[in-house]
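Structural features, examined
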Amino acid sequence: MKVVLIEPRAALANVYSQIPMPLLGPLYLGTILKNHGHDVAIYKEDVYTPDYSKIDADIIGISILTSTAKRGYEIAKKFPREKVIIGGVHASLMPYEALQYARQVVIGEAEEVICDMVEGKIKDSLVQGKAVENLDSLPIPDYSLVQGMKSLRIRPISTSRGCPHGCSFCSVTKMFGHKYRFRGAESVLMELDVAKKQDIFFCDDNFVANPQRTRDLLARIIPKKIKGWTCQVRCEVARDPELLDLMHKAGCRVVCIGFESINQKTLQAFNKKQTVTQIIDSIRNFHRKNIKIHGMFVLGGEDDTAVTVWDTVRFALKEKIDTIQMMILTPFPGTKTHDFLAGENRIFTKDWSLYDGQHIVFRPNLVSPKELQLNVVRAYCKFYSIYNSLVLFTQLSFRNAFFRLMGHCIVKAWKNHNRDLYWIRNTARESVKQG
Ligand code: B12
Ligand code: SF4
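Bear in mind the structure is a predicted one, so any value in this text is a computation, not a measurement.

**Digging into the overall build of the chain**
From N to C terminus, the chain includes 17 helices and 14 strands. For the chain, the C-alpha radius of gyration of 22 Å lies close to 22 Å, the compact-globule estimate for 435 residues. Judged by the C-alpha coordinates and their principal axes, the chain covers about 65 × 60 × 35 Å. When contacts within the chain are restricted to residue pairs at least 6 apart in sequence, long-range pairs at least 24 apart make up 69% of them. Accessible surface computed for the chain: about 19600 Å², of which carbon and sulfur atoms make up 54%. Each charge class in the chain can be summarised by its mean position, and for the 60 positive and 45 negative side chains these summaries are 5 Å apart.

**Section: the domain arrangement of the chain**
By a widespread convention, an interface's size corresponds to the accessible area lost as its parts come together. As assigned here, the chain comprises domain 1 (2–128) and domain 2 (153–430). A separation of 26 Å is found between the C-alpha centroids of domain 1 and domain 2. Taken together, the contact between domain 1 and domain 2 spans 27 residues of the former and 29 residues of the latter. Summed over both partners, the interface of domain 1 with domain 2 buries about 2400 Å², with 66% contributed by carbon and sulfur atoms.

**Notes on the sheet that holds strand E13 (residues 292–299)**
Pairing is parallel in the open sheet, where 6 strands are placed in the order E7-E10-E11-E12-E13-E14. This sheet does not close on itself; its edge strands, each paired only once, are strand E7 (154–157) and strand E14 (323–328). Each strand axis lies, on average, 20 degrees off the axis of its neighbour in the sheet, ignoring direction. Sheet analysis places E7 next to strand E10 (residues 199–202), joined by 4 bridges and oriented parallel. For Arg-155, the partnering residue across the bridge sits in E10 and is Ile-200.

**A look at the side chain of Lys-272**
Its location among the elements puts Lys-272 in the loop between helix H10 (264–269) and helix H11 (276–288). Lys-272 sits in the buried class, given a relative accessible area of 5%. Apart from residues lying up to four places away in sequence, Lys-272 is in contact with Cys-167, Arg-234, Gly-258, Glu-260 and Leu-267.

**Examining the site of ligand 1**
Met-21, Ser-63, Thr-66, Glu-111 and Asp-205 are the nearest of the 41 residues found near ligand 1. Between ligand 1 and the protein, one listed contact pairs an oxygen atom with a backbone N or O atom of Leu-24 at 3.1 Å. Between ligand 1 and the protein, one listed contact pairs a nitrogen atom with a side-chain N or O atom of Lys-44 at 3.4 Å. Where the shell around ligand 1 is concerned, the elements lending two or more residues are helix H1 (24–35), strand E3 (59–63), helix H2 (66–76), strand E4 (84–87), helix H6 (172–176) and E14. For the shell around ligand 1, the class distribution of residues is 21 nonpolar, 13 polar and 7 charged. Both domains that meet at the shell around ligand 1, namely domain 1 (2–128) and domain 2 (153–430), each give it at least three residues.

**Points about the packing of aromatic side chains**
What the rule picks out here adds up to 14 aromatic pairs. Each ring, one from Phe-169 and one from Phe-270, has its centre 5.1 Å from the other, and the planes form 75 degrees; the classification is edge-to-face. Within this pair, whereas Phe-169 is found in the loop between strand E8 (160–161) and H6, its partner Phe-270 is found in the loop between H10 and H11, the two being separated by 101 residues in sequence. Among the residues examined, Phe-270 registers a relative accessible area of 4% and is labelled buried. Between Phe-202 and Phe-207 the ring centres are 4.9 Å apart and the planes differ by 20 degrees, which places this aromatic pair in the stacked class. Judged by its relative accessible area of 0%, Phe-202 is buried. One aromatic cluster is present, formed by Phe-202, Phe-207 and Trp-229 through successive ring pairs. Taking NZ or CZ as reference, Arg-213 lies 5.3 Å from the ring centre of Phe-207, over its face.

**A short note on the side chain of Glu-191**
Positionally, Glu-191 belongs in helix H7 (residues 185–195). In contact with Glu-191, other than residues within four places in its own chain, are Ile-140, Pro-141, Arg-155, Pro-156, Ile-157 and Arg-183.

**A short note on unusual backbone geometry**
Here the phi dihedral of Lys-273 falls at roughly 55 degrees; this positive angle occurs in a residue that is not glycine. With respect to the helices, strands and loops of the structure, Lys-273 is situated in the loop between H10 and H11. Backbone geometry places Asn-290, a non-glycine residue, at a positive phi of 65 degrees.

**Concerning the pattern of salt bridges**
Oppositely charged side chains can pair when the atoms bearing their charge come close. Counting across every chain of the model gives 27 salt bridges. In this structure, Asp-51 engages Lys-54 in a salt bridge whose closest nitrogen and oxygen atoms are separated by 3.4 Å. Given the relative accessible area of 69%, Lys-54 is considered exposed. Of the charged contacts, one joins Glu-236 and Arg-234 as a salt bridge, the two residues approaching to 2.9 Å between their closest N and O atoms. What you see here is one network of salt bridges that share partners, running through Arg-9, Glu-45, Arg-71 and Glu-74.

**A short note on the confidence of the model for the chain**
Mean pLDDT over the chain works out to 93, with 94% of the residues at or above the 70 mark. The model gives residues 430–435 a pLDDT under 50, and that stretch makes 2 contacts with residues more than four places away or in other chains.

**A word on helix H13 (residues 336–343)**
Every buried residue of H13 is listed here: Thr-337, His-338 and Leu-341. Taken around the axis of H13, the buried residues stretch over an arc of 95 degrees, which confines them to a single face. Opposite the buried face of H13, by more than 90 degrees, sit the exposed residues Lys-336, Asp-339 and Gly-343. Immediately downstream of H13, the backbone of Asn-345 shows phi near 60 degrees, a positive value.

What counts as what
Residue positions are given per chain, counting from 1 as you read along its sequence in written order. Here the convention is simple: chains get letters from A, ligands get numbers from 1, in the order in which they are written. Where local features are concerned, this predicted model is filtered to residues with pLDDT of at least 70; where side-chain atom pairs are given and counted, the filter is 80 or more; whole-chain, interface and lining totals use all residues. Heavy atoms throughout the structure, all of them, feed into the side-chain values; hydrogens and water do not. What counts as a helix is a DSSP run of H or I of at least four residues, what counts as a strand is a run of E of at least two, and both are numbered from the N terminus. For this measure, only C-alpha atoms enter the radius of gyration; the expected value for a globule follows 2.2 Å times N^0.38, where N is the number of residues. Any two residues having at least one pair of non-hydrogen atoms within 4.5 Å are treated as being in contact. Only the protein chains shown count as cover for residues, and the accessible areas themselves come from Shrake-Rupley with a 1.4 Å probe. Positive charge is attributed to Lys and Arg, negative charge to Asp and Glu, and no charge count is given to His or to the chain ends. Throughout, a charge is located at the NZ atom of Lys, the CZ atom of Arg, the CG atom of Asp or the CD atom of Glu. Domain start and end points were adopted from an automatic or database domain assignment. Buried area is calculated as the accessible area (1.4 Å probe) missing from two parts once they are joined, with the contributions of both summed. If DSSP finds at least two bridges between two strands, the strands pair. Axis lines are fitted to C-alpha atoms, over the contacting stretch for helices. Their N-to-C directions set the angle, which ranges from 0 to 180 degrees. We call a residue buried when its accessible area falls under 20% of the maximum for its residue type, exposed when it is over 50%, and partly exposed in between, using a 1.4 Å probe and counting protein chains only. Residues are labelled near a given molecule or strand when at least one of their non-hydrogen atoms is within 4 Å of it. In protein, a polar contact means a hydrogen-donor-capable atom and an acceptor-capable atom, both N or O and within 3.5 Å, with residues adjacent in sequence counting only if both atoms are side-chain atoms; elsewhere, any N or O pair within 3.5 Å suffices. Three categories are distinguished: nonpolar for Ala, Val, Leu, Ile, Met, Phe, Trp, Tyr, Cys and Pro, charged for Asp, Glu, Lys and Arg, and polar for the others, with Gly belonging to the last. Ring geometry is summarised as follows: Phe, Tyr and Trp rings, the Trp one being its six-membered ring, pair when their centres sit within 6.5 Å, and such pairs are stacked at plane angles under 30 degrees, edge-to-face over 60 and tilted between the two. Charge over a ring is defined by NZ of Lys or CZ of Arg lying within 6 Å of the ring centre and within 35 degrees of the ring normal. One side-chain nitrogen of Lys or Arg within 4 Å of one carboxyl oxygen of Asp or Glu is enough to make a salt bridge. Scored from 0 to 100, pLDDT reflects the predictor's confidence in each residue. What the arc measures is the spread of directions leading from the helix axis to the C-beta atoms.

Pasting the structure below:
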């Protein structure tokens with residue numbers, strides 16, 4: 001069978017459109033299908049968008065996040081419905097919506113059902129996927145399937161699935177469950193061998209959810225002398241200096257940490273189970289070990305105001321966090337945040353293309369939507385200012401200076417794309433009319 005898998009681009013300007021890192025879902029599925037003898041091509045639209053009218057395939061598989069769902073449905077409409085199957089986080093959370101555009105939709109992980117679906121052995125329209133119990137059974141993703149991808153600068157490697165925590169805004173546990181499943185060190189090392197000179201991003205949601213397995217894995221990575229990898233962790237990891245030593249020795253140079261808030265009440269409401277003091281300690285401990293930090297914050301909780309936004313950026317500058325991401329709280333379907341805000345009738349748009357953490361889609365409690373949106377953009381401008389970049393440059397902190405400059409350009413491009421913030425006026429007005 002000829003199978004085309006598509007990762008749609010985000011409809012609106014998105015910081016992440018600049019990072020040509022494919023989602024692993026289509027790659028795992030494509031590799032499994034190829035190994036079963038199917039003819040597979042993957043299109044990641046941010047890398048290369050084909051002329052869909054010229055695509056001749058038996059099956060069109062589309063992978064959607066909430067932010068890419070609108071574009072995904074547009075693509076689906078270009079093909080006969082009986083050829084289209086849809087999966088991904090958004091399809092798993094909104095299966096009936098996705099089914100309007102496809103003959104079949106998979107809910108959850110699809111590795112164990114994809115071949116039977118493509119070969120017509122599963123005929124249900126809603127196909128319940130299955131959590132892969134033995135992650136070592138998965139193949140190493142074959143990037144040569146991604147059309148137009150000349151080189152892969154940053155290679156995402158997933159060593160685990162699931163997360164034992166339950167943060168109110170996060171889709172991960174609904175999709176991958178609370179049980180933490182992880183690959184054996186051998187299987188990860190094999191993939192690292194294939195990765196050779198690429199930069200590695202361990203894209204697990206929580207690389208250290210089981211510290212002992214991480215220690216074992218790091219001990220095996222050290223002899224490989226891989227330099228400069230990044231991973232995602234929670235801040236409590238930094239309480240263990242030995243683990244940080246091991247991480248550094250194994251080549252970890254940047255950690256992405258979900259700090260989420262410096263407002264203790266918001267941290268509690270998010271069910272984040274961490275304190276502001278722990279956040280500060282973790283920043284200092286990681287820096288002491290020469291590991292840089294990408295701090296991830298979420299603004300717009302029930303106790304947040306415009307002042308919280310500015311407190312956050314001042315905090316990031318004071319604590320010398322290397323780079324930051326300030327997401328606007330987004331009620332992704334299936335999350336507690338969604339259920340709460342929907343229950344209060346405060347979500348004013350279901351335009352999924354705005355659900356990218358950079359656009360406000362609900363009425364916050366203590367601040368207007370527009371005020372929150374504008375303050376987050378302005379706070380970004382402050383952190384990623386040319387002045388701050390120059391200061392870092394003079395301090396010989398070239399990497400951070402470069403990222404501040406890059407951030408400056410991205411925020412500028414974002415502002416151009418979102419001139420006048422028209423969508424807030426329009427959508428808020430629409431919701432008033434409907435209400
Ligand atoms: C790596 C990553 C990124 C990377 C690259 C992702 C990319 N190319 O878009 C970067 C950093 C760029 C990124 C950006 C963003 N991300 Co991100 N990201 C991830 C992360 C950590 C891993 C993705 C991954 O590879 N997963 C592993 C694979 C195996 O899972 P999968 O892709 O879902 O595939 C399985 C199933 O979904 C299904 N499936 C998938 N596709 C298809 C297709 C068909 C046809 C079928 C049948 C089945 C199927 O089968 C697959 C195998 O089991 C996930 C969290 C997670 N655990 O998934 C968040 C996650 C996907 N990101 C999320 C978000 C919100 C974003 C951003 C909006 C902002 C942000 N702060 O991160 C942007 C949007 C980017 C965009 N494209 O518009 C949310 C999405 C929530 C939602 N409801 O949409 C997630 C779930 C994290 C979370 N905390 O909730 N992200
Ligand atoms: S935000 Fe991170 S720690 Fe919280 S549930 Fe999601 S993946 Fe787990």
